[in-house]
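Letter by letter, the chains look like this.
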Amino acid sequence: MLKSTRLDQLDFLRGFALITIILNHYSSFVVRAGYSGQIIPTLSSVGFSSSAPLFFMTSGLLIGLIYFNVRNQPSLIRISATLFNRAMMLLAMNCVLFVLVLATFSFAPHVLQEIFQLQSLGDQPYRWAYDAIALRYNLPLLDILNVYVLMMLVAIPFVWLANYSSSIALLMIIGAYLVAQFFPEFSLPGGNPWSTGRWVFNPLAWGGFFLGGLLAGRFNLHERLRQVAVSPARGRSLTCLLVLAYCILAIVFRLHSSGIIEVPATDKSTMQPVRLFHAILTFVMLLTLLFRYEGLRRFVSYRKAYESVVLVGKHSLHSFMATVALNYIMLLLWLQVGGVASYIGIGLAGVIALVFFAKVLEVLKSARAGKFD
């Protein structure tokens, strides 16, 4: 454990998700810019779901564990204030990034404006900025933060409801998900230039990851998983079963992506059942592996890498914003050089920069804490 009830396995999982996010988004950018070589493999290369669901679930679980845990007689006022403050901080940071990208694209080559479909950027900057603040529109990569801001705001009345009745709160999550499945067009207007005029991540479906994780953290469901994972017999059986299921789905995914078979119910926007199952399976499998094999941290080389990823997850909101800025910078660098070697080199450099950013934040945090001791 790091502090209080915080588990470094959960921070590691969130940091791992952020590293996957920066590589996925970077690959998406350069492919749109004309890159046609082999992309850096991530979870997205072998499965229907990837990093964003992991990030949402782990973030919700940590908030539920630290602020809303049944063992600590949580203060609803405190957690409501925490959620609101984080939502407003994230919205402010989002707006700052939006302005910086606006300024950059004002002087950007025409090819960049075509990549992001932003040819009208210079003509209507004030309308764009207003829509971004109102969560009706955002630039690529920033749109998922709109969902995160909204989920934190929705979580405020949700924790009051969950404190009254967890069963009703769970039914609310299930009901919202079913609405998204039967009425997929029922989403918020806006999105980004690549969307169809609606949010790419339907909040009714995606909100279940964050709110469901919050409920799981409240009742320490991860502890039950940990108890099973570390037991000699049950842990081995569970690990083998999860890995086997994941490998089977990975084969199915490759067949699907190759066009050999067609797998239904895999839409990302509404997180259809196959994708939902894969996301939950990935989360449980990775967390089980982290619990079961935590002894590997005794090895110095592994421990240093492990702790670096933990720091990225520990400063998740700031790290997420850093991934957005880094992805735009990485694209600009690749456009200057091009090629497979530079694509791989810039990708690895982006991950290193993200880890360095998290370490700087940790140093500043420690120095600030020491100043007031």
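Rules of the game
Residues numbered from 1 in each chain as written. Predicted model: local features only at pLDDT ≥ 70, side-chain atom pairs only at ≥ 80, totals over all residues. Heavy atoms only, no water. Axes fitted to C-alpha atoms, helices over the stretch in contact; angles between N-to-C directions. Helix = DSSP H or I, 4+ residues; strand = E, 2+ residues; numbered from the N terminus. Parallel < 35°, antiparallel > 145°, perpendicular 65-115°, else oblique. Left-handed = near helix turned anticlockwise from the far one by under 90°. Contact = heavy atoms within 4.5 Å. Nonpolar A, V, L, I, M, F, W, Y, C, P; charged D, E, K, R; others polar. Core = buried A, V, L, I, M, F, W, Y, C linked by side-chain atoms within 4.5 Å. Buried < 20%, exposed > 50% of the residue type's maximum accessible area, 1.4 Å probe, protein only. pLDDT = per-residue confidence, 0-100. Polar contact = N/O pair within 3.5 Å; in protein donor to acceptor, adjacent residues only side chain to side chain. Expected span 1.5 Å × (residues − 1). Phe/Tyr/Trp six-rings, centres within 6.5 Å; stacked < 30°, edge-to-face > 60°.

S.K.: Go over the packing of helix H6 (residues 143-164) against helix H8 (residues 203-218), please, and point to the residues and values.
M.R.: One can describe the packing of H6 onto H8 by two numbers: an axis separation of 10 Å at closest approach and a directional angle of 50 degrees. Between H6 and H8, the interaxial angle falls into the category oblique. For the pair H6 and H8, the crossing hand works out as right-handed. Across from Val147, Tyr148, Leu150, Met151, Met152, Val154, Ala155, Phe158, Val159, Ala162 and Asn163 in H6, the residues of H8 making contact are Pro203, Trp206, Gly207, Phe210, Leu211, Leu214, Leu215 and Arg218. Each residue belonging to the contact of H6 with H8 can be placed in one class, and the counts come to 16 nonpolar, two polar and one charged.

S.K.: Which residues make up the packing of helix H10 (residues 232-257) against helix H11 (residues 273-292), and what values go with them?
M.R.: One way to put it is that H10 packs onto H11 with a least axis distance of 10 Å and a crossing angle of 140 degrees. The pairing of H10 with H11 is recorded here as oblique in orientation. By crossing handedness, the relation of H10 to H11 is classed as left-handed. Together, Pro232, Gly235, Arg236, Leu238, Thr239, Leu242, Val243, Ala245, Tyr246 and Leu249 of H10 and Phe277, His278, Leu281, Thr282, Val284, Met285, Thr288, Leu289 and Arg292 of H11 make up the contact between the two elements.

S.K.: Outline the nonpolar core, listing residues and values.
M.R.: Side chains of a nonpolar character, in soluble globular proteins, are inclined to be buried together. Core analysis: the biggest nonpolar cluster contains 104 residues, and Phe56 and Phe210 have the highest contact counts within it. Every residue in contact with Phe56, bar those within four places of it in the chain, is listed here: Ile144, Val147, Tyr148, Met151, Trp206, Phe209 and Phe210.

S.K.: Go over the confidence of the model for the protein chain with me, naming the residues and quoting the values.
M.R.: As a note on interpretation, predicted positions should not be read in detail where pLDDT is low. Overall, the prediction assigns the protein chain a mean pLDDT of 86, with 87% of residues at 70 or greater. By mean pLDDT, helix H4 (residues 110-115) is the weakest element of the protein chain at 65, and helix H7 (residues 166-182) is the strongest at 96. A low-confidence stretch, residues 1-5 (pLDDT under 50), is modelled with eight contacts involving residues beyond four sequence positions or located in other chains.

S.K.: Account for the side chain of Asn24, with residues named and values stated.
M.R.: Within the fold, Asn24 resides in helix H1 (residues 8-32). The exposure class assigned to Asn24 is buried, which follows from its relative accessible area of 18%. Polar contacts involving the side chain of Asn24 include one to the side chain of Ser44, which spans 2.9 Å. Each residue touching Asn24, except ones within four places of it in the same chain, is listed here: Thr42, Ser44, Ser50 and Ser51.

S.K.: Now, about helix H13 (residues 316-337): what can you tell me, with residues and values included?
M.R.: The terminal C-alpha atoms of H13, which comprises 22 residues, lie 31 Å apart, in line with the 32 Å expected from a rise of 1.5 Å per residue. Where H13 terminates, the next one or two residues include Gly338, which has phi positive at roughly 75 degrees.

S.K.: Can you explain the packing of aromatic side chains? Please cite residues and give values.
M.R.: Enumeration according to the criterion identifies 13 aromatic pairs in this entry. Measuring from centroid to centroid gives 4.7 Å for Phe12 and Tyr306, while their planes differ by 10 degrees, and the two rings are stacked. Of this pair, Phe12 sits in helix H1 while Tyr306 sits in helix H12 (residues 300-314); the two residues are 294 residues apart in sequence, bridging distant segments of the chain. Assigned by exposure class, Phe12 and Tyr306 land together as buried. On the numbers, 5.8 Å between centres and 90 degrees between planes, the contact of Tyr35 with Trp334 is edge-to-face. With Tyr35 in the loop between H1 and helix H2 (51-67) and Trp334 in helix H13, the pair connects residues that are 299 residues apart, well separated along the chain. Considered together, Tyr35 and Trp334 belong to a single accessibility category, that of buried residues. A connected cluster of aromatic rings, assembled from ring pairs, spans Phe55, Phe56, Tyr148, Phe201, Trp206, Phe209, Phe210 and Phe320.

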